[in-house]
Amino acid sequence: MSLNGKKISEFTAQAYVDNGFRDVTQEDLQGKWSVLFFYPADFTFVCPTELADLQRKYADFKQIGCEVYAVSCDTHFVHKAWHESSPLIGTVTYPMVGDPTGALAKDLDVYITAEGKAERGTFVINPAGEVVLYEVSAGNIGRSADELLRKVQAAQFVGAHGDEVCPASWHPGDAVLKPSFDLVGKL
């Protein structure tokens, strides 16, 4: 079953952000674009490279009105310890959400029951709180913040211009397509 169009369920989780803890709920995802960036575990190998890459582009996400939330099944306390001990994670300024019960990971079908971890799942949430784009990668394959930013921009464009679509490798300012009977077979 596809998760596109799924409304984010109610949740409350603790996040480590701005050298402190704060609650994050589904209400924080309402009214703006959001990314839920699940990763398997703190103190691992691929994960810190991904979170640092996401931090490198964080200002660009903020500039387009999109908040980023990194999520693992570790606690917010573990996120704090990782932030204080890892040179890469020490640069992270977006919220690092703890999901120790796996409730959020289960809701989005990325929970690995046998391991008590989340898969490498990325979810783009629209201002209505609905999943509009998601992907799940194998645990040993890192993701690209540049590509994720491009996908969020495409989702935002399509959300604002529902009668136009973004072709492969589209970037803001590139030509788009307007599906029509006359376009069939012309591409």
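Calculation rules
In every chain, residue numbers begin from 1 and rise along the written sequence. Thresholds applied to this predicted model are a pLDDT of at least 70 for local features of residues and 80 or more for the giving and counting of side-chain atom pairs; totals over whole chains, interfaces and linings are not thresholded and use all residues. No hydrogens and no water enter the side-chain calculation; it runs on all heavy atoms of the structure. DSSP-based pairing: two strands are paired if at least 2 bridges between them are found. Working definition: helices are DSSP H or I runs of at least four residues, strands are E runs of at least two. Numbering for both runs from the N terminus. Here an axis means a line fitted to C-alpha atoms, over the contact stretch when the element is a helix, while the angle between two N-to-C directions is reported on a 0 to 180 degree scale. Contacts are assigned to residue pairs that have any heavy atoms within 4.5 Å of one another. For every residue, the accessible area (1.4 Å probe, protein chains only) is compared with the maximum for its type, and the residue is labelled buried under 20%, exposed over 50%, or partly exposed between those bounds. For Phe, Tyr and Trp, where Trp contributes only its six-membered ring, two rings pair if their centres lie within 6.5 Å, and the inter-plane angle classes them as stacked under 30 degrees, edge-to-face over 60, or tilted in between. Here, a charge over a ring is recorded when the distance from Lys NZ or Arg CZ to the ring centre is within 6 Å and its angle to the ring normal is within 35 degrees. Regarding the arc, it is the one traced by the directions from the helix axis to the C-beta atoms. Buried Ala, Val, Leu, Ile, Met, Phe, Trp, Tyr and Cys residues that are joined via side-chain atoms within 4.5 Å together make up what is termed a nonpolar core. In the analysis that follows, any N or O atom pair within 3.5 Å is treated as a polar contact, provided that within protein one partner can donate a hydrogen and the other can accept it, and provided that, for residues neighboring in sequence, both atoms belong to side chains.

A. Here's a closer look at the sheet that holds strand β5 (residues 96-98). Spatial ordering of the open sheet is given by β2-β1-β5-β4-β3-β8-β9, a layout of seven strands whose pairing is mixed. Here the strands that pair on one side only, and so sit at the sheet edges, are β2 (20-25) and β9 (131-137). Put simply, the sheet's adjacent strands are angled 25 degrees from each other on average, direction ignored. Its contacts with the sheet put helix α5 (residues 145-160) on β3 (33-38), β4 (66-72), β8 (120-125) and β9, and the angle it makes with β3 is roughly 145 degrees.

B. Fine view of the pairing of β4. Counting buried residues along β4, seven of its seven residues qualify, which places the element largely inside the surrounding structure. Burial of the side chains of β4 extends over both faces: C66, V68, A70 and S72 are buried on one face and E67, Y69 and V71 on the other. Pairing of β3 with β4 involves six bridges; the strand directions are parallel. Across the sheet, V35 pairs through a bridge with V68, a residue of β4. In this structure, β4 lies alongside β5, joined through three bridges in parallel fashion. Across the sheet, V71 pairs through a bridge with V97, a residue of β5.

C. Structural context of the packing of aromatic side chains. All chains considered together, the criterion is met by eight aromatic pairs. An angle of 35 degrees between the planes, with centres 5.9 Å apart, marks the rings of Y39 and W82 as tilted. Here W82 lies in helix α3 (residues 76-85) and Y39 lies in the loop between β3 and α1 (46-56), a separation of 43 residues in the sequence. Residue classification places Y39 among the buried positions, given a relative accessible area of 0%. In this structure an aromatic cluster arises from ring pairing among Y16, F21 and F77. The ring centre of Y111 lies 4.9 Å from the NZ or CZ of K106, which sits over that ring. Above the face of the F37 ring, R143 is positioned so that its terminal group lies 3.7 Å from the ring centre.

D. Seen up close, α1. Summarising burial for α1: eight of the eleven residues are buried, a large majority. For α1, the set of buried residues is C47, P48, E50, L51, A52, D53, L54 and Q55.

E. Structural detail: α3. Where α3 is concerned, the buried positions are H76, H79, W82 and H83. The arc that holds every buried residue of α3, seen down its axis, measures 115 degrees, which confines them to one face. Summarising the geometry of α3, the exposed residues directed more than 90 degrees from the buried face are F77 and E84. Looking at the buried positions of α3, the neighbouring elements they touch are β1 (12-17), β2, α1, β4 and β5.

F. Structural context of the nonpolar core. Counting 24 residues, the largest nonpolar core has V35, L51, L54, F61, Y94 and L148 as its most contacted members. Where this core is concerned, the elements lending two or more residues are β3, α1, α2 (58-63), β4 and α5. Counting residues per element, this core draws most heavily on α5, at five residues. The residues contacting L51, other than those within four sequence positions of it, are F37, Y39, A70, W82, I89, V92, Y94 and M96. Residues Y69, V97, V110 and V131 belong to the second largest nonpolar core, which totals 21 residues.

G. Local environment of the environment of R143. Tracing the backbone shows R143 in the loop between β9 and α5. The exposure class assigned to R143 is buried, which follows from its relative accessible area of 11%. In terms of polar contacts, R143 uses its side chain to reach the backbone carbonyl oxygen of F38, at 2.8 Å.

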